[in-house]
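One-letter residues, chain by chain:
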Amino acid sequence: MELDLENHIPLISVVVPVYNSEKYLDRCLKSISDQTYRNLEIILINDGSIDSSLNICKGYEVKDTRIKVFDIVNQGVSNARNLGVNQANGEYIQFVDSDDFLEPNYIQTLFNTIQDDPNELVACSITSKDLNGILIDKWTVGNSILDLQAPNKELFLELIKKFLLFGPVNKLYRRNIILDNKIVFDKTISYGEDLLFNFEYFHHISKIYLTDNTSYFYIHDNPNSLSKRLDFDKLGLAKKIHNTLLSFFDRIGVNDKESLDVLYSRLFDYYYNTLFSLSENTELSLVQKYKRMGKLFNEESLQNSISYLNQRNYPSWILFAIKRKSPLLFISGKKISNLKNLIRK
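Computed from a predicted model, the values in this text were never measured in an experiment. (Residues numbered from 1 in each chain as written. Predicted model: local features only at pLDDT ≥ 70, side-chain atom pairs only at ≥ 80, totals over all residues. Heavy atoms only, no water.)

Examining the overall build of the protein
Move 1: For the protein, the helix and strand inventory stands at 13 helices and twelve strands.
Move 2: Overall size of the protein, expressed as C-alpha extent along the three principal axes, is 70 × 50 × 35 Å.
Move 3: Each of the 345 residues in the protein was classed as buried or not, and the buried ones make up 52%.
Move 4: For the protein, contacts bridging at least 24 residues in sequence account for 77% of all contacts bridging at least 6.
Move 5: Of the roughly 16,400 Å² of accessible surface on the protein, 50% is carried by carbon and sulfur atoms.
Move 6: One way to put it: in the protein the 41 positive side-chain charges average out to a point 10 Å from where the 43 negative ones average out. (Helix = DSSP H or I, 4+ residues; strand = E, 2+ residues; numbered from the N terminus. Buried < 20%, exposed > 50% of the residue type's maximum accessible area, 1.4 Å probe, protein only. Contact = heavy atoms within 4.5 Å. Areas by Shrake-Rupley, 256 points an atom, 1.4 Å probe, with all protein chains shown as cover. Lys, Arg positive; Asp, Glu negative; His and termini not counted. Charge placed at Lys NZ, Arg CZ, Asp CG, Glu CD.)

Put into structure tokens, the structure is as follows:
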């Protein structure tokens with residue numbers, strides 16, 4: 001049954017993938033159990049944890065009848081989230097990572113924001129903290145509405161720059177939209193799967209409601225977190241994500257140079273980081289580095305991205321080496337730059 005018929009309050013399913021989160025899990029689960037919005041179904045997917053996470057989950061299952069625990073062989077965060085969606089009965093779906101936590105009014109605030117327009121999406125701000133509770137950053141655009149049929153370009157670009165549209169954790173989804181359109185987290189990739197999920201979901205709604213009346217607390221410090229276990233080489237996935245975003249930008253008519261600057265600068269940073277990783281890789285010979293870097297330099301998407309950059313944000317020797325498509329110039333320039341930095345110290 002999806003509704004509490006007496007009070008006519010929709011059931012909301014909270015899906016929590018869990019992997020080796022024993023240090024953080026109690027705070028996370030307590031923050032969900034203590035939500036002021038009470039009509040919850042809390043689905044915990046233990047994804048093959050080898051610490052005490054499963055025991056902690058089962059302890060909460062005994063104390064709170066709204067909690068259901070599923071223990072599976074480790075297959076990654078996408079599989080865990082997909083399983084949670086398939087097991088859910090709620091009218092709405094909420095994703096929470098097991099090392100993060102929520103304000104007491106978090107779900108109630110999201111629901112209040114969306115209840116007059118229940119077929120749309122709501123997203124809130126994200127507050128980033130370290131393990132000691134020290135504030136790192138907060139990403140917000142205040143209280144507003146993004147109309148995807150006639151988007152406010154400045155608002156949309158701010159959401160992109162602040163990554164508020166990318167992850168699944170600060171949002172409230174309609175379960176029927178996910179199921180009816182067969183939207184799933186791609187189990188074959190371990191980076192960007194949440195962004196691809198969201199932008200597929202966006203094709204089936206017309207508005208995104210945004211609230212700063214509550215915030216999702218995102219914790220950086222768990223290296224075992226399912227959402228943080230990424231492939232070393234993310235460039236191929238970054239290009240796939242870039243093309244997805246490029247297509248979506250075009251679909252909603254946000255495709256002027258200022259908008260494309262945001263996308264191509266993001267793509268360039270992935271190339272930039274990959275090139276630096278290659279140059280510092282001690283397992284590759286110099287010939288192997290030259291070959292791989294040369295292949296990247298010849299990719300049209302890298303060369304195109306340079307024209308969209310604020311070039312003052314990057315060392316001139318890097319841009320020169322890329323434009324010249326020269327691994328020798330890049331590696332030599334990096335060595336000279338490292339030497340200069342050492343001398344300054």
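Further notes follow.
As for the pattern of salt bridges
Move 1: One pass over the full model with this rule turns up 15 salt bridges.
Move 2: A salt bridge links K162 to E158; its shortest N-O distance comes to 2.8 Å.
Move 3: Accessibility expressed as a relative area gives 25% for K162, which makes it partly exposed.
Move 4: K257 is the salt-bridge partner of D261, the closest N and O atoms lying 3.1 Å from each other. Taken as a pair, D261 and K257 lie in helix α9 (residues 257-280) at a separation of four residues, close to a single helical turn.
Move 5: With a relative accessible area of 49%, K257 lands in the partly exposed category.
Move 6: One salt-bridge network, in which partners are shared between bridges, spans R81, D97 and E193. (Salt bridge = Lys/Arg side-chain N within 4 Å of Asp/Glu carboxyl O.)

Quick look at the nonpolar core
Move 1: Of all hydrophobic cores here, the largest spans 71 residues; its most connected members are F156, L165, F199, Y201, F202 and I208.
Move 2: Those residues in contact with F202, other than ones at most four positions away along the chain, are L121, L148, L165, I208, F248 and R251.
Move 3: Grouped together as the second largest cluster of nonpolar side chains are 31 residues, V16, C28, Y37 and V169 included. (Core = buried A, V, L, I, M, F, W, Y, C linked by side-chain atoms within 4.5 Å.)

Details of the pairing of strand β5 (residues 67-72)
Move 1: Summarising the sheet, strand β4 (residues 40-47) and β5 pair through six bridges and their orientation is parallel. Bridge pairing in β5 places I43 opposite K68.
Move 2: Crossover β4 to β5 through helix α2 (residues 53-63) is right-handed. (Pairing = 2+ DSSP bridges. Right-handed = clockwise from strand over helix to strand, strands pointing away.)

Some details on helix α3 (residues 77-87)
Move 1: Judged by how many residues are buried, α3 sits mostly within the fold: eight of eleven residues are covered.
Move 2: For α3, the set of buried residues is V77, S78, N79, A80, R81, N82, G84 and V85.

Some thoughts on the packing of aromatic side chains
Move 1: Overall, the coordinates contain 27 aromatic pairs when judged by the stated rule.
Move 2: Ring geometry for Y37 versus F111: centroids 5.4 Å apart, planes at 65 degrees, classification edge-to-face. Taken as a pair, Y37 in the loop between α1 (25-33) and β4 and F111 in helix α4 (residues 106-114) lie far apart in primary sequence, 74 residues in all. In this pair, the class of Y37 matches that of F111, namely buried.
Move 3: Measuring from ring centre to ring centre gives 6.3 Å for F156 and F248, while their planes differ by 35 degrees; the resulting arrangement is tilted. With F156 in helix α5 (residues 153-161) and F248 in helix α8 (residues 235-251), this residue pair connects regions lying 92 residues apart in the sequence. (Phe/Tyr/Trp six-rings, centres within 6.5 Å; stacked < 30°, edge-to-face > 60°.)

Some points on the packing of α8 against α9
Move 1: Put simply, α8 and α9 touch, their axes get as near as 10 Å, and they point 175 degrees apart. The angle between α8 and α9 falls in the class roughly antiparallel. Contacts between α8 and α9 involve L235, A238, K239, I241, H242, L245, L246 and F249 from the former and S259, L260, L263, Y264, R266, L267, Y270, Y271 and T274 from the latter.
Move 2: In terms of residue class, the contact of α8 with α9 is made up of twelve nonpolar, three polar and two charged. (Axes fitted to C-alpha atoms, helices over the stretch in contact; angles between N-to-C directions. Parallel < 35°, antiparallel > 145°, perpendicular 65-115°, else oblique. Nonpolar A, V, L, I, M, F, W, Y, C, P; charged D, E, K, R; others polar.)

Some details on the packing of helix α7 (residues 193-202) against α8
Move 1: Direction vectors running N to C along α7 and α8 enclose 20 degrees, while the axes themselves pass 10 Å from each other. With respect to their mutual orientation, α7 and α8 come out roughly parallel. Judged by the twist between their axes, the crossing of α7 over α8 is left-handed. Every residue of α8 that contacts α7 at L195, L196, F199 and F202 is listed here: K240, I241, T244, L245, F248 and R251. (Left-handed = near helix turned anticlockwise from the far one by under 90°.)

A word on unusual backbone geometry
Move 1: Within the chain, K182 stands out as a residue other than glycine whose phi angle is a positive 55 degrees.
Move 2: Of note, K182 is situated in the loop between α6 (175-180) and α7.
Move 3: Backbone geometry places K325, a non-glycine residue, at a positive phi of 55 degrees.
Move 4: For K325, the location among the structural elements is in the loop between α12 (316-323) and α13 (327-344).

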